[in-house]
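Secondary and tertiary structure notes
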Amino acid sequence: MKIKYHDNLNPPERALDGSLSDNWDRAAAYGNEYVNAHFRIDTPAYDEKKNWDEQHIAEFDADCRAAFEKLGWEVTSPRRSGSCATVRKGKSSLYLHPQDFSGEVLKAEVVSIAETLTAAESFSIQWVDLYETVYDMTDETYYAYLNGQTERIRAEVLKKSMTTQRTRFYRDYDIACHVASIVRLRRIGEDDGRYGGAGKTANYIIRVIDRLIAEGYLASTMSRNGSRLIRTINKTEQKQKKLYVA
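Below is a short write-up of the structure.

**Focus: the overall build of the protein**
Along the backbone of the protein there are eight helices and eleven strands. Taking 18 Å as the expected radius of gyration for a compact globule of 246 residues, we find that the protein reaches 24 Å, considerably beyond that expectation. Taken over the C-alpha atoms alone, the protein extends approximately 75 × 40 × 35 Å along its principal axes. A buried classification covers 44% of the 246 residues belonging to the protein.

Take a look at the structure:
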């Protein structure tokens, strides 16, 4: 069967006939780039529920193991009650839900994985969804990237912190997390606050906010619970300080 590879970040979403578009360049030279990939799986026994018994589960797990071991992967976390198996090869990993094998894999290996899965008997592959590029880079390289984004970060912080009321402020970390979602690169094996909590990118942006306060572009105060609050200075304050905010 011909497998469709659908890039969700690259329009069009649908082909002219209304079907999901096959719009990912599988032949490109991707080098060491990874991708957030979802191999959409049809497992009839699982879909029918009543047939998803120990025998079918064993057949499914055996098919998965055979397919991925053929490609040099290994099961690093076997199926347990309430969770599916995880397979890994180097820095690539996939969570093997019977409807969706999802995780971060080398772009150059997406096609070989999909084609190998076509040989399974207990399930079939329907199509492949591709999302964000995932980069394999050191912290040093990533911070160099962020340094190159400084002007963009400053502009986004000032834009998000604008208000028509001098008494209205925003929590600095809320602003930092919002801007982080704009400039952050997804890195292999690095959560970086994408699912909540502190992250390298948001903490970097906090330091940019520190400089904007020191330079006078942001007004700041403290909330009752000790959080720092900020706002972009208004037009009158800009004239007084001889500063310009786009």
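The structure having been displayed, the exposition proceeds.
**Points about the pattern of salt bridges**
Counted by the stated rule, this structure contains 20 salt bridges. For K91, the salt bridge identified is with D136, shortest N-O distance 2.8 Å. A residue pair is termed long-range when its members are at least 10 positions apart, and K91 in the loop between strand 4 (86-89) and strand 5 (92-97) and D136 in the loop between strand 7 (124-135) and helix 4 (139-148) qualify at 45 residues. A relative accessible area of 43% places K91 in the partly exposed class. For D136, a relative accessible area of 30% puts it in the partly exposed group. Residues joined by salt bridges that share partners form a network here, namely K2, D22 and R26.

**Section: unusual backbone geometry**
Trans is the prevailing form of peptide bonds, just as negative phi is the prevailing case for residues other than glycine. Its identity as a non-glycine residue notwithstanding, D192 has a phi of 55 degrees, on the positive side. Inspection of the secondary structure puts D192 in the loop between strand 9 (186-187) and helix 7 (200-215). Phi at K242 takes a positive value of approximately 55 degrees, unusual for a residue other than glycine.

**With respect to the layout of surface pockets**
The space that makes up the largest pocket amounts to roughly 170 Å³. Taken together, E151, R154, A155, L158, K159, M162, Y217, Y244, V245 and A246 make up the full set of residues lining the largest pocket. Here the residues of the lining of the largest pocket sort into seven nonpolar, no polar and three charged.

**A look at helix 6 (residues 172-183)**
Think of an α-helix as turning once every 3.6 residues; residues three or four places apart then point the same way. The end-to-end C-alpha separation of helix 6 is 17 Å, in line with the 16 Å expected for twelve residues at 1.5 Å each. Taken as a whole, helix 6 has its buried residues at D172, Y173, I175, A176, V179, A180 and V183. Looking straight down helix 6, one finds that the buried residues subtend no more than 150 degrees of arc, so they occupy a single side. Where helix 6 is buried, its residues meet helix 4, helix 5 (150-160), strand 8 (170-171), helix 7 and strand 11 (228-232).

Criteria and thresholds
Residues numbered from 1 in each chain as written. Predicted model: local features only at pLDDT ≥ 70, side-chain atom pairs only at ≥ 80, totals over all residues. Heavy atoms only, no water. Helix = DSSP H or I, 4+ residues; strand = E, 2+ residues; numbered from the N terminus. Rg over C-alpha atoms; globule rule 2.2 N^0.38 Å. Buried < 20%, exposed > 50% of the residue type's maximum accessible area, 1.4 Å probe, protein only. Salt bridge = Lys/Arg side-chain N within 4 Å of Asp/Glu carboxyl O. 1 Å grid on protein atoms, 1.4 Å probe; cavity = no way out; pocket = protein on both sides within 12 Å on 5 of 7 lines; lining within 4 Å. Points joined across faces, edges and corners; volume = space filled by probe spheres on them. Nonpolar A, V, L, I, M, F, W, Y, C, P; charged D, E, K, R; others polar. Expected span 1.5 Å × (residues − 1). Arc of directions from axis to C-beta. Contact = heavy atoms within 4.5 Å.

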